[in-house]
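# Observations on the three-dimensional arrangement
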Amino acid sequence: MGEYTTLIAVIAGVILVFVFLYFVPVNLWITAQFSNVRIGLLELVFMRIRKVPPSIIVKEMITARKAGLDVQTEELETHYLAGGNVSSVIKALISADKANITLGFKQATAIDLAGREVFEAVQISVNPKVITTPKVAAVAQDGIQLIAVARVTVRANIQQLVGGAGEDTILARVGEGIVTSIGSAQSHKAVLENPDKISKLVLQRGLDAGTAFEILSIDIADIDVGVNIGAILQTDQAQADLKVAEAKAEERRAMAVAVEQEMKAKSQEARAKVIEAEAEVPLALAEAFRSGNLGVMDYYRMENIQSDTDMRESIANPSQKSSTTKKSSGSDKK
């Protein structure tokens, strides 16, 4: 029974030692003391309780102290609890200090909490970054399309990192400037001869205003000739005009056909009235005979006049005479 009690006591002692070493990081405290970082052992214990890794804080405090930075432990703890990257902030401060760039601790933490890589921003400020634009197509005033690719050299603007626009805005503005520059050229040949004019015009527009970068230079890396947009537009316009003209011509033809059909209908209507009037002549003659207004000799004289008229018309129109002769011969055969 005594042996079991001794074993349990040993195990409990080992567990207590591990728990003590976990909450009281003696090794970190010794390392901090030898690195000239004045931090108390109870302060490390409180970091554990506040769920702040003492190893990260002590390591970054040692790095900052060796680099000559004046950083407090409470500031690092606050930034860690706010969700920031303590290591990135310390690296950025050291790089900015070595490069003589003005960057305070509050500004660095604000940039980091804003979601930007503060250490990368300092590196870009020291070593400018080259951004390659996608192919930008624009059309000169002579209708020829040009496709340009530019390389934009930018440097991070530390003061504008919080709230400033990013690379996408730079690319969009540069593309807009290229389109405007090519579009204002009288001929595509002038652009091909002096592509540096595009760079000069784009740089004069101040495209880096309100962004997190400062544009150092814009260089045209490549420029190609595309299609003849002016000719294509003229061809499309000519085809559209042709279709409009054909539609108008078809409309006029339809109107003419309608008018012709209307005139034919009116002609048939007039002919029908004439036939109707001619049909009333025999009735009128009969009524004249009965009333005594027309005699037999008057009728014969009218028939003779009609015959003379037919003869004169046949002499004036031989074709009608031949057709009349054929009709009479055909009737005689019958």
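### Topic: the overall build of the protein
Counting secondary structure elements, the protein contains 14 helices and four strands. Within the protein, the proportion of its 334 residues that are buried is 27%.

### Description of the pattern of salt bridges
Scanning the model with the defined rule gives seven salt bridges in all. Among the salt bridges present, the one from Lys200 reaches Asp196, with a minimum N-O distance of 3.8 Å. With a gap of four residues between them, Lys200 and Asp196 both fall in helix 11 (residues 196-203), about one helical turn apart. Linking Lys264 and Glu260 is a salt bridge whose minimum nitrogen-to-oxygen distance equals 3.7 Å. Pair noted here: Lys264 and Glu260 are both in helix 12 (residues 229-291), with a separation of four residues, about one helical turn. A residue is classified by how much of its surface remains accessible, and Lys264, at 44% relative accessible area, is partly exposed.

### Let's talk about a nonpolar patch on the surface
Side chains of Trp29, Ile30 and Phe34 sit close together on the surface and give an oily, nonpolar patch of about 330 Å² of accessible area. Positionally, Phe34 belongs in helix 2 (residues 26-34).

### Thoughts on the nonpolar core
Judged by nonpolar contacts, the single largest core of 57 residues is most densely connected at Leu76, Leu103, Ile178 and Ile198. Top element by residues in this core is helix 6 (residues 86-98). It accounts for seven residues. For Leu76, the residues in contact, after removing those within four places along its chain, are Ile57, Glu60, Met61, Val71, Val86, Ile90 and Phe105.

### A closer look at the packing of helix 9 (residues 167-183) against helix 11
Relative orientation of the contacting elements helix 9 and helix 11 amounts to 125°, with a least axis distance of 9 Å. Regarding the angle of helix 9 to helix 11, the classification is oblique. In this structure, helix 9 meets helix 11 at a crossing whose hand is right-handed. From helix 9, Gly177, Ile178, Ser181 and Ile182 reach across to helix 11, where they touch Ile198, Leu201 and Val202. Tallied by class, residues from the contact of helix 9 with helix 11 come to five nonpolar, two polar and no charged.

### Remarks on the pairing of strand 3 (residues 144-156)
Strand residues, when the strand is regular, have side chains that alternate between the two faces of the sheet. Burial of strand 3 is extensive: 10 of the 13 residues sit out of reach of the surface. As paired strands, strand 1 (residues 129-132) and strand 3 are joined by four bridges and run antiparallel to one another. Within the sheet, the bridge partner assigned to Val130 lies in strand 3 and is Thr153. Bridge analysis of strand 2 (residues 136-139) against strand 3 gives four bridges, and the strand direction is antiparallel. Following the sheet pairing, Ala138 is matched in strand 3 by Leu146. Two successive antiparallel strands, strand 2 and strand 3, enclose a turn made up of four residues, where Gly143 displays a positive phi of approximately 90°. Pairing geometry for strand 3 and strand 4 (residues 213-228), over 12 bridges, is antiparallel. Residue Ala150 lies in a different strand from strand 4, and its bridge partner there is Ile220.

### Quick look at the environment of Ile158
Looking at where Ile158 falls in the secondary structure, it is placed in the loop between strand 3 and helix 9. Judged by relative accessible area, which is 7%, Ile158 ranks as buried. Sequence-wise, Ile158 and Ser125 are 33 residues apart; in three dimensions their C-alpha atoms are separated by 7.6 Å. Apart from the residues within four sequence positions on either side, Ile158 is in contact with Ile101, Thr102, Leu103, Gln107, Ile111, Ala121, Val122 and Ser125.

### Looking at unusual backbone geometry
A positive phi angle is found at Asn100, which is not glycine, with a value near 60°. Classification of Asn100 as exposed rests on a relative accessible area of 73%.

The rules we used
Residues numbered from 1 in each chain as written. Predicted model: local features only at pLDDT ≥ 70, side-chain atom pairs only at ≥ 80, totals over all residues. Heavy atoms only, no water. Helix = DSSP H or I, 4+ residues; strand = E, 2+ residues; numbered from the N terminus. Buried < 20%, exposed > 50% of the residue type's maximum accessible area, 1.4 Å probe, protein only. Salt bridge = Lys/Arg side-chain N within 4 Å of Asp/Glu carboxyl O. Patch = residues over 30% accessible without salt bridge, like charges linked within 9 Å, V, L, I, M, F, W, Y side chains within 5 Å. Areas by Shrake-Rupley, 256 points an atom, 1.4 Å probe, with all protein chains shown as cover. Core = buried A, V, L, I, M, F, W, Y, C linked by side-chain atoms within 4.5 Å. Contact = heavy atoms within 4.5 Å. Axes fitted to C-alpha atoms, helices over the stretch in contact; angles between N-to-C directions. Parallel < 35°, antiparallel > 145°, perpendicular 65-115°, else oblique. Left-handed = near helix turned anticlockwise from the far one by under 90°. Nonpolar A, V, L, I, M, F, W, Y, C, P; charged D, E, K, R; others polar. Pairing = 2+ DSSP bridges.

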